[in-house]
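Architecture at a glance
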Amino acid sequence: MPRPIQAFVHADALRHNLARVRAAAPDARVWAVVKANAYGHGIENVFEGLRAADGFALLDLDEAQRIRSLGWRGPVLLLEGVFEMRDLELCSRLDLWHTVHCDEQIDMLSRHKTQVPHRVFLKMNSGMNRLGFTPLRFRSAWTRLNQLPQVEEISLVTHFSDADGAKGVAEQMALFNQATEDLPGERSTCNSAGVLRHAADVGVVADWVRPGIALYGSAPDFPERTIAQWDLQPTMSLRSRVIATQDLQVGDTVGYGSTFKAEAPLRLGVVACGYADGYPRHCPTGTPVLVDGVRTRTLGRVSMDMIAVDLTPCDQASFGSEVTLWGKATNGTVLPIDEVAQAAGTVGYELMCAVSGRVGFTQD
Ligand SMILES: *Cc1c(COP(=O)(O)O)cnc(C)c1O
């Protein structure tokens, strides 16, 4: 029998979250962002749940090919565009739309031989300073692209740096609107935080929005807001089982470094889940976890293959009891991934992307 750890991907939750995002930006078309293998869920595992999206946005050509092999004939957007000349051949062959964010990508496009001209998304760097042309250089890039026979249609795109925080999007949005004022083409703005927090703001323009994390049931602005407050559902449940129990006396310690010491007698469960499964080693004693759907806490250090959990609130728990590291227990109790991420000093994104290859995935 394989180790009892497994990740479950919930199609109904993906559908629910997608509908929720749509409702927040009812006039926009929605790219479901499925980069990083659908935020660690597996593109094949999320495809059914997200197929009501208007398109799929990702980074890897390999992932674009997988979406096409699943039978998706609608729009696919490469968020970083192409990396070398021959990527453009795949764009022509698979009908991929691609971001153009730098002069080198325009050079490559100008040398590309294609029967079918491409749809491109010209990216503005409106303040993030990652990808894109500055507002000053945007128009000349647009003009250059517009003259290429390889280009059929140009859309305009930018990415917000602070949609989840106090600064907001107004400044970047104003720069973008000003610099693109008389240019034709559809506009794409707004990651999850942008959609949920700002899509309805005055001045926010979005023909296409690009939510990722919200689709996967993590709040983009946690802890300011939780998934319950945004009405989002977990799409990944990482579950394992108790594989041993120990009865501790006062003064007994747990795990490497003896970082947890019992101040009262206590029963603990040893769970088949460790950092080699992608569970963060940084989670301290007290990180929330569900045993048989009852909330309790971890004890001591996370080791490679195991963690210990406090069975005090879980009288009935024993060998084989279900343990939910994050997501939904089979009894329906939810432990948001955001709470575990917070304990580890990171964000839900990183945890879901980091579930390791030795964990089996099941569609649920
Ligand atoms: C990853 C990404 C998104 C999605 O961001 P979330 O915060 O996960 O919603 C949107 N746009 C671009 C350009 C991205 O790289």
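The following paragraphs examine the structure supplied in this document. In this text the structure is predicted, and so the values were computed from the model without any measurement. (Residues numbered from 1 in each chain as written. Predicted model: local features only at pLDDT ≥ 70, side-chain atom pairs only at ≥ 80, totals over all residues. Heavy atoms only, no water.)

Moving on, we get to the packing of helix H6 (residues 103–111) against helix H7 (residues 135–146). Their axes nearest at 11 Å, the elements H6 and H7 cross at an angle of 5°. Regarding the angle of H6 to H7, the classification is roughly parallel. Together, Asp103, Ile106, Asp107 and Leu109 of H6 and Arg137, Ala141, Arg144 and Leu145 of H7 make up the contact between the two elements. Along the lines of polarity and charge, the residues of the contact of H6 with H7 split into 4 nonpolar, no polar and 4 charged. (Axes fitted to C-alpha atoms, helices over the stretch in contact; angles between N-to-C directions. Helix = DSSP H or I, 4+ residues; strand = E, 2+ residues; numbered from the N terminus. Parallel < 35°, antiparallel > 145°, perpendicular 65-115°, else oblique. Contact = heavy atoms within 4.5 Å. Nonpolar A, V, L, I, M, F, W, Y, C, P; charged D, E, K, R; others polar.)

Another aspect to go through is the site of the ligand. Around the ligand, the surrounding shell holds 13 residues, and the nearest of these are Lys35, Tyr39, Ser192, Ile213 and Tyr349. Here lysine 35 contributes a side-chain N or O atom positioned 2.7 Å from an oxygen atom of the ligand. The separation between a nitrogen atom of the ligand and a polar side-chain atom of arginine 210 is 2.9 Å. Within the complex, 93% of the 390 Å² of free accessible area of the ligand lies under protein. Considering only residue class, the shell around the ligand consists of 6 nonpolar, 4 polar and 3 charged. (Near = heavy atom within 4 Å. Polar contact = N/O pair within 3.5 Å; in protein donor to acceptor, adjacent residues only side chain to side chain. Areas by Shrake-Rupley, 256 points an atom, 1.4 Å probe, with all protein chains shown as cover.)

This part is about a nonpolar patch on the surface. Together, Ile243, Met306 and Phe319 make up a nonpolar patch on the protein surface, roughly 300 Å² of accessible area in all. With respect to the helices, strands and loops of the structure, phenylalanine 319 is situated in the loop between strand E16 (307–310) and strand E17 (322–328). A residue is classified by how much of its surface remains accessible, and phenylalanine 319, at 65% relative accessible area, is exposed. (Patch = residues over 30% accessible without salt bridge, like charges linked within 9 Å, V, L, I, M, F, W, Y side chains within 5 Å. Salt bridge = Lys/Arg side-chain N within 4 Å of Asp/Glu carboxyl O. Buried < 20%, exposed > 50% of the residue type's maximum accessible area, 1.4 Å probe, protein only.)

Turning our eyes to something else, we now look at the pairing of strand E13 (residues 266–271). Of all 6 residues that make up E13, 5 are buried, and the element is covered over most of its length. As paired elements, strand E10 (residues 236–248) and E13 share 6 bridges and run antiparallel to each other. Within E13, the position partnered with threonine 245 by the bridge is glycine 269. Looking at chain direction, E13 and E16 are connected through 4 bridges and run antiparallel. Considered in E16, the bridge of valine 271 is made with isoleucine 307. (Pairing = 2+ DSSP bridges.)

This paragraph deals with the packing of aromatic side chains. Summed over all chains, the structure comprises 11 aromatic pairs. Summarising the aromatic geometry, the rings of tryptophan 97 and phenylalanine 121 are spaced 6.0 Å apart at their centres and angled 20° between planes, so their arrangement reads as stacked. Here tryptophan 97, found in strand E5 (residues 97–100), pairs with phenylalanine 121, found in strand E6 (residues 118–124); they are 24 residues apart in sequence, far enough to count as distant. Grouping residues by exposure puts tryptophan 97 and phenylalanine 121 together as buried. A network of ring pairs unites the aromatic residues Trp31, Trp97, Phe121 and Trp208 as a single cluster. In this arrangement the basic side chain of arginine 225 is found over the ring face of tryptophan 230, its NZ or CZ atom lying 4.6 Å from the centre. (Phe/Tyr/Trp six-rings, centres within 6.5 Å; stacked < 30°, edge-to-face > 60°. Lys NZ or Arg CZ within 6 Å of the ring centre and 35° of its normal.)

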